[in-house]
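# Understanding the architecture of this molecule
Given next are the chains, with one letter for each unit.
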Amino acid sequence: MSVQTGGLSLVVGSEPARDRAGLAELLAAATSEVLVMSTGTDSAFRRIALANVRPGVRYKVLFPDSERMSGALNRMSRAGAEVRTDAEVPMDALVIDRTSVVLPADGRQTGSAVFRLPGVVTATVGLFERIWQAAAPLVPLDLAEPEDASMLTCRERELLTLLFSGTTDESAAARLGISVRTVRRMVADIMNRLGARSRFQAGAKAVDRGWLMAKAG
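Note that this is a predicted model, so its numbers are computed, not measured. (Residues numbered from 1 in each chain as written. Predicted model: local features only at pLDDT ≥ 70, side-chain atom pairs only at ≥ 80, totals over all residues. Heavy atoms only, no water.)

### Observations regarding the pattern of salt bridges
Within the structure shown, the criterion is met by 6 salt bridges. Among the salt bridges present, the one from Lys60 reaches Glu129, with a minimum N-O distance of 3.4 Å. Taken together, the residues span a long stretch of sequence, with Lys60 in strand β4 (residues 58–64) and Glu129 in helix α4 (residues 118–134) at a distance of 69 residues. As far as burial versus exposure is concerned, Lys60 and Glu129 are alike and both buried. (Salt bridge = Lys/Arg side-chain N within 4 Å of Asp/Glu carboxyl O. Helix = DSSP H or I, 4+ residues; strand = E, 2+ residues; numbered from the N terminus. Buried < 20%, exposed > 50% of the residue type's maximum accessible area, 1.4 Å probe, protein only.)

### Re the packing of aromatic side chains
Throughout the structure, instances matching the rule amount to 1 aromatic pair. Look at Phe128 and Trp132: their rings are 5.5 Å apart centre to centre, the planes differ by 20 degrees, and that puts the pair in the stacked class. Taken together, the residues Phe128 and Trp132, both in helix α4 and 4 residues apart, mark about one turn of the helix. For the pair formed by Phe128 and Trp132, the shared burial category is buried. (Phe/Tyr/Trp six-rings, centres within 6.5 Å; stacked < 30°, edge-to-face > 60°.)

### A closer look at helix α8 (residues 199–208)
Working note: α-helix, 3.6 residues per turn, so residues spaced by three or four point in the same direction. Along α8, the residues that are buried comprise Ala202, Gly203, Lys205 and Ala206. One side of α8 carries all its buried residues, which in axial view fall inside an arc of 165 degrees. Turned more than 90 degrees away from the buried face of α8, the exposed residues are Phe200 and Asp208. Buried residues in α8 make contact with α5 (154–164) and α7 (180–194). (Arc of directions from axis to C-beta. Contact = heavy atoms within 4.5 Å.)

### Quick word on unusual backbone geometry
Working note: non-glycine residues mostly have negative phi, and peptide bonds are mostly trans. In the Ramachandran plot, Asp97 falls in the positive-phi region, its phi being about 55 degrees despite a non-glycine side chain. Its place among the elements puts Asp97 in the loop between β6 (93–96) and β7 (100–104). On the basis of relative accessibility, which here comes to 18%, the residue Asp97 falls in the buried class. Positive phi, close to 55 degrees, is recorded for Arg98, a residue that is not glycine. If you trace the backbone, Arg98 turns up in the loop between β6 and β7. When its relative accessible area of 38% is taken as the criterion, Arg98 is described as partly exposed.

So yeah, pure geometry; function would need other evidence.
Below, the structure is given as structure tokens:
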């Protein structure tokens, strides 16, 4: 069932598949830009957005840091989307060509509400851009696959432990028998996987996840 009132279209269906098809149709009609904001709890937004990433349409995707090592986000980035993560994303939303906003329907209804009201679009885009500015970019290069992302390699763990204790890149490279360039590439990859904005934060997050427990203990 579809109900339209001015700039609002409320699509309510008894079958989730019907709602997903409706969202996919909206995304397929995008001509310039799609903004995806997800709390990480609604996998439909992620699947539908991934399926519709295509050349000619700029995709900017925001997810929480907890989803950073998701294979789906890595595939979305490799497909051409700009993906960033932040500590928390407050809502699920799609913004299509900065003219329409799609939000999950409230209550127990299945379906989505499509807003074409300028005020709603402006507010949603503004929220997205504020989070986007502070979010950490996800770079697909060298990103570990999900089954390998739950832990560091022995060399990565040793490197991160050295740097977290204050060792310089040059000293760490000498200790590990690798080049300084390799050290910096490995650090960049670890920071990317963790969504860390500094080396110290990368070390702290690794400790929180238990990645450095063996060395720290």
